[in-house]
Structure formats: C-alpha cells, structure tokens
Amino acid sequence: MGGRVILAVETSCDDTCAAVVGLDGVIHANVISSQTVHDRFGGVVPEIASRQHLEQITPVIDAALTQAEVGLDKITRVAATRGPGLVAALLVGFSAAKGLAAGRELPFTGVDHLHGHLAASFLNGFDPPFLCLIASGGHTLLARVTRPEGPAEILGQTLDDAAGEAFDKGARLLGLGYPGGAALSRLAADGDPAAFRFPVGARMGGLDFSFAGLKTALLYKTRELGAEETARRRADLAAAYEAAIVEALMIRLRRAVQTTGATRIALGGGVAANGPLRAAVAALGLEHDVPVPALCTDNAAMIAAAALHLPAQPYPTYLGLDVYATGERPLAAPA
Ligand code: KG4
Ligand code: ZN
C-alpha cells in the first residue's frame, strides 16, 4: 500500500489497540486486543491492565502495520490517547507511540479519548454538526459537536455509573459474566420489559444521567423475589432492566434534540451495540449514524480520526507531554 498514513494507539482501559488510517480517512488496519484476565475480578484491575498492555503493545502495533502492509517509513504522523482513562494503562500506549514518533522524528498528536469516540462517525463520512450520545463502560455523555477539531460542548453526563457499567452490574446480579451488557441483552430478548418497572430518573431535570439507583432497584427486586423466583424470571428482569437503561438514555437524548434543535445524531461507545437502543434512536426519524461495533467500542481508528483534525506537534516538542486520568481538559481541545 502506498500513500501517507497515520499510526494511532489507544490503551486507556483494557483494550490494547493500534490502527493505520490514511490521511483521507480510509482505515487500513484496526487491531484490538481485548484483555480477558479481568473477568474473574468483575471489573478492570488497573495494574493488571497496565502489565497486559506492556506485553501486547508491540505485537499489536506490528500486527496493524502488517495488516495495512506498510513499513514505519510510510507513517507520516503518530497519535495516541492521552486521557481520560487509567493512568498506568494510558502510559504504556502513549509512551510507546511517543517513542516510535521520536525515533523517526515524526510529528505527534495526543488525543482525548472522548473526542476519539465522537470522531468514529467521521470515518463513516458523518461529519458535524451533530448531537452525539456516547455510552460505554466508562462514560455516558451527550455532546454537541459543531466542528471536527472540537471542542465539543458537553450537554450532560453521568453523575455516577456509566450506562455500560449499569448493564454490567445488572448482568452480575443476574448471574451473567463480565462484561455482561451483551449477554443481558440476549437474555432480555426472551423477556417481557413490562413485567417490572425500574426507575429511569425521569423526574431528574436537565441532561445529566444517573444509573446508581437503577442498579440498587434491581438488587432489591432480586432480594424481594428470592433466589428461586429470580432465577425463574431472569429474562423478564433483564428485559425490564434493559428497557429502563434505554429509556433513561432516550429521555435525555429527546430532551437534547428539543433544546438544541439538532436534526442529526451519532451514537458511540460499547452500549451503541445494544439493539433496543439502536431501534429507539432510529425511531426518532432523524438522520443518524451508528458506527460498526468495532468502531463503537474502544479502538485506535477513532483516535486516528480525531487526530486528523487536530494539530500535529513537531518533534521534539511532544516529548514532555504527559497523560491525564480525568477530563480536566475541555473535551476535544487540542491535547
Ligand atoms: O466502549 P466500551 O468497549 O468501553 C469501555 O471499555 O468502557 O464499552 C463496553 C461496555 C460494557 O459495559 C459492555 O457491557 C457494554 O459496553 N455493551 C453492551 C452491549 N455490548 C457491549 N451493553 C448493552 N448491550 C450490548 N449489546
Ligand atoms: Zn471508551
């Protein structure tokens, strides 16, 4: 493959990712190595994630270059996720990417992880302006995206658990594995969403989300039913629980559409793979984009997509750049 390409790296949580994307936005490789060692702990253990990234980062970058059929000499720029995320995990990918860039004196771009999620839609040719709902295991937010380089305006975000976390905690209560969002959704397909009523926080005004009460409501319901009845009605519990999460997301999305007058919507994050959520968004009848699952969950192609619209820092000005754990920087501002 000829042409000029960007190499991007993402290691903010438990996926080691590298991608090669053309400056025209064409994806030549998007390699994702998901860590499964955390399953037995029921959540991501930062130190283990970091060590796994260390083992995986070189093979994953090599695999991306091999798949894209490019040598390092064809790379014109390197990008990596700078934050927010687990610092020990971020450091592995960010340092490896900076090192690769410095070794060839290439320009480098640090990318905000959330800017990456909303930039996934750019890869589909779905450009701003749009309203973006990002729902993943780590984040849940609504943002108004007006320019591809950002900054996006955050309209609302979760005050406690993320939507994916709510799915995972519910799945755990129903005896499903971790992360259990997809499994809970499969179980829900055989249940009656009207069998139980779980809180969706409708009385909470504004565009912020809260899922902690929902998880507690499911816990109390399973205690009230007892082990036997809970097991017998698992599909109904899953269906009602899933319906509540989807409705909680949709209430805020509909409100945001109303208040902003937006006519275009993009979905992102792992929860965007959820069937009922996709159907509910489609039912709004607005122009919308939902990237394929590999671009919704954490990946490096979305980091490249964001980087393409951000300034590249020349060598060696980026050597002192550090990662950040929380979104103290404005979303999508040049890192
Ligand atoms: O974007 P993602 O890979 O990022 C994080 O690591 O945060 O999202 C993973 C989340 C998990 O919580 C998982 O349970 C959820 O997305 N998820 C789903 C589905 N597929 C993945 N939740 C509901 N329905 C699904 N089909
Ligand atoms: Zn993410």
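See the structure above.
Just so we're clear, the structure is a prediction, and the values are computed from it rather than from any experiment.

*Asks:* Mind laying out the overall build of the protein, listing which residues take part and the relevant values?
*Replies:* When you go through the protein residue by residue, the secondary structure sums to ten helices and ten strands. Principal axes of the C-alpha set define a box for the protein whose edges measure 65 × 45 × 35 Å. Partitioning the contacts of the protein with sequence separation of at least 6, the portion at a separation of at least 24 is 73%. A total accessible area of about 13,600 Å² is found for the protein, and carbon and sulfur atoms account for 53% of it. Between the mean site of the 27 positive side-chain charges and the mean site of the 33 negative ones, the protein shows a separation of 4 Å.

*Asks:* How would you sum up the coordination of the zinc ion (ligand 2)? Please name residues and give values.
*Replies:* Protein-derived coordination of the zinc ion (ligand 2) comes from His 113 (NE2), His 117 (NE2) and Asp 298 (OD), at a distance range of 2.1 Å. Site description for the zinc ion (ligand 2): donor spacing in sequence, H-x3-H-x180-D. With His 117 in helix H3 (residues 113-119) and Asp 298 in the loop between helix H9 (293-296) and helix H10 (301-307), this residue pair connects regions lying 181 residues apart in the sequence. Asp 298 shares its class with His 117; the two are buried.

*Asks:* Quick rundown of the sheet that holds strand E4 (residues 75-83)? Include the residues and the values.
*Replies:* Overall, mixed pairing links the five strands, which are arranged E3-E2-E1-E4-E5 in an open sheet. What marks the edges here is a single partner per strand, and that holds for strand E3 (27-34) and strand E5 (108-112). Here the average twist between neighbouring strands, direction ignored, is 15°. Strand contacts of helix H1 (residues 46-68): strand E1 (5-10), strand E2 (15-22), E3 and E4, with the helix running at about 25° to E2, the strand carrying the most contacts.

*Asks:* A description of the nonpolar core should follow, citing residues and the corresponding values.
*Replies:* Of all hydrophobic cores here, the largest spans 46 residues; its most connected members are Leu 131, Leu 142, Phe 198, Phe 211, Ile 245 and Leu 249. Where this core is concerned, the elements lending two or more residues are strand E6 (130-135), helix H4 (163-173), helix H5 (181-188), helix H6 (212-232), helix H7 (234-260), strand E9 (264-268) and helix H8 (275-282). Dropping the residues within four chain positions of it, Ile 245 is found in contact with Ala 163, Ala 166, Phe 167, Phe 211 and Leu 214. Core analysis: the next-biggest nonpolar cluster, separate from the first, contains 32 residues, Cys 17, Val 111, Leu 118 and Ala 307 among them.

*Asks:* Which residues make up the site of ligand 1, and what are the values?
*Replies:* Around ligand 1, 17 residues are found, and the nearest of them are Gly 137, Gly 138, Asp 168, Gly 270 and Asn 274. At 3.0 Å, a backbone N or O of Gly 138 approaches an oxygen atom of ligand 1. Gly 270 is positioned with one of its backbone polar atoms (N or O) 2.8 Å from an oxygen atom of ligand 1. Relative to its unbound accessible area of 550 Å², ligand 1 is 86% covered by the protein chains. Sorting the residues of the shell around ligand 1 by element identifies H4 and H5 as the ones contributing at least two each. Residue composition of the shell around ligand 1, by class: six nonpolar, nine polar and two charged.

*Asks:* With reference to specific residues and values, describe the environment of Val 200.
*Replies:* In this structure, Val 200 sits in the loop between H5 and H6. Put simply, Val 200 and Ala 325 are 125 residues apart on the chain and 29 Å apart in space, counted from C-alpha to C-alpha.

*Asks:* Tell me about unusual backbone geometry, residues and numbers included.
*Replies:* Residues Gly 83 and Pro 84 are joined by a peptide bond in cis, for which omega reads -10°. In this chain, Tyr 178 is followed by Pro 179 through a cis amide linkage whose omega measures -15°. As for its position among the elements, Pro 179 is in the loop between H4 and H5. In this structure, Glu 69 is a non-glycine residue whose phi angle is positive, near 55°. Here Glu 69 shows up in the loop between H1 and E4. Even without a glycine there, the phi angle at Glu 105 is positive, about 55°. Locating Glu 105 in the fold gives a position in the loop between helix H2 (87-103) and E5.

*Asks:* Which residues make up the pairing of strand E7 (residues 140-145), and what are the values?
*Replies:* Among the six residues of E7, five are classified as buried, and the element is accordingly described as predominantly covered. With six bridges connecting them, E6 and E7 associate as antiparallel partners. Within E7, the position partnered with Ala 135 by the bridge is Thr 140. Linking E6 to E7, which pair antiparallel, is a turn of four residues. Direction of pairing for E7 relative to strand E8 (residues 153-157): antiparallel, over a ladder of four bridges. The residue of E8 that forms the bridge with Arg 144 is Glu 153.

*Asks:* Any details on the packing of aromatic side chains? Residues and values, ideally.
*Replies:* The way to describe two aromatic rings as a pair is by their centre distance and the angle between their planes. Per the counting criterion, the structure on display carries eight aromatic pairs. Geometrically, the ring pair formed by Phe 94 and Phe 108 is edge-to-face, given 5.4 Å between the ring centres and 75° between the ring planes. One end of the pair, Phe 94, is in helix H2; the other, Phe 108, is in strand E5, with 14 residues separating them in the sequence. Neither residue differs from the other here; Phe 94 and Phe 108 are each classed as buried. Relative to Tyr 241, the ring of Phe 198 has its centre 6.1 Å away and its plane inclined at 80°; by these criteria the two rings are edge-to-face. Of this pair, Phe 198 sits in the loop between H5 and H6 while Tyr 241 sits in helix H7; the two residues are 43 residues apart in sequence, bridging distant segments of the chain. Each member of the pair Phe 198 and Tyr 241 is classed as buried. Of the aromatic side chains, those joined through ring pairs into one cluster are Phe 94, Phe 108, Tyr 315 and Tyr 318.

About the criteria used
- Residues numbered from 1 in each chain as written.
- Chains lettered and ligands numbered in written order.
- Predicted model: local features only at pLDDT ≥ 70, side-chain atom pairs only at ≥ 80, totals over all residues.
- Heavy atoms only, no water.
- Helix = DSSP H or I, 4+ residues; strand = E, 2+ residues; numbered from the N terminus.
- Contact = heavy atoms within 4.5 Å.
- Areas by Shrake-Rupley, 256 points an atom, 1.4 Å probe, with all protein chains shown as cover.
- Lys, Arg positive; Asp, Glu negative; His and termini not counted.
- Charge placed at Lys NZ, Arg CZ, Asp CG, Glu CD.
- Donors = N, O, S within 2.8 Å, 3.2 Å for Na, K, Ca; no water.
- Buried < 20%, exposed > 50% of the residue type's maximum accessible area, 1.4 Å probe, protein only.
- Pairing = 2+ DSSP bridges.
- Axes fitted to C-alpha atoms, helices over the stretch in contact; angles between N-to-C directions.
- Core = buried A, V, L, I, M, F, W, Y, C linked by side-chain atoms within 4.5 Å.
- Near = heavy atom within 4 Å.
- Polar contact = N/O pair within 3.5 Å; in protein donor to acceptor, adjacent residues only side chain to side chain.
- Nonpolar A, V, L, I, M, F, W, Y, C, P; charged D, E, K, R; others polar.
- Phe/Tyr/Trp six-rings, centres within 6.5 Å; stacked < 30°, edge-to-face > 60°.

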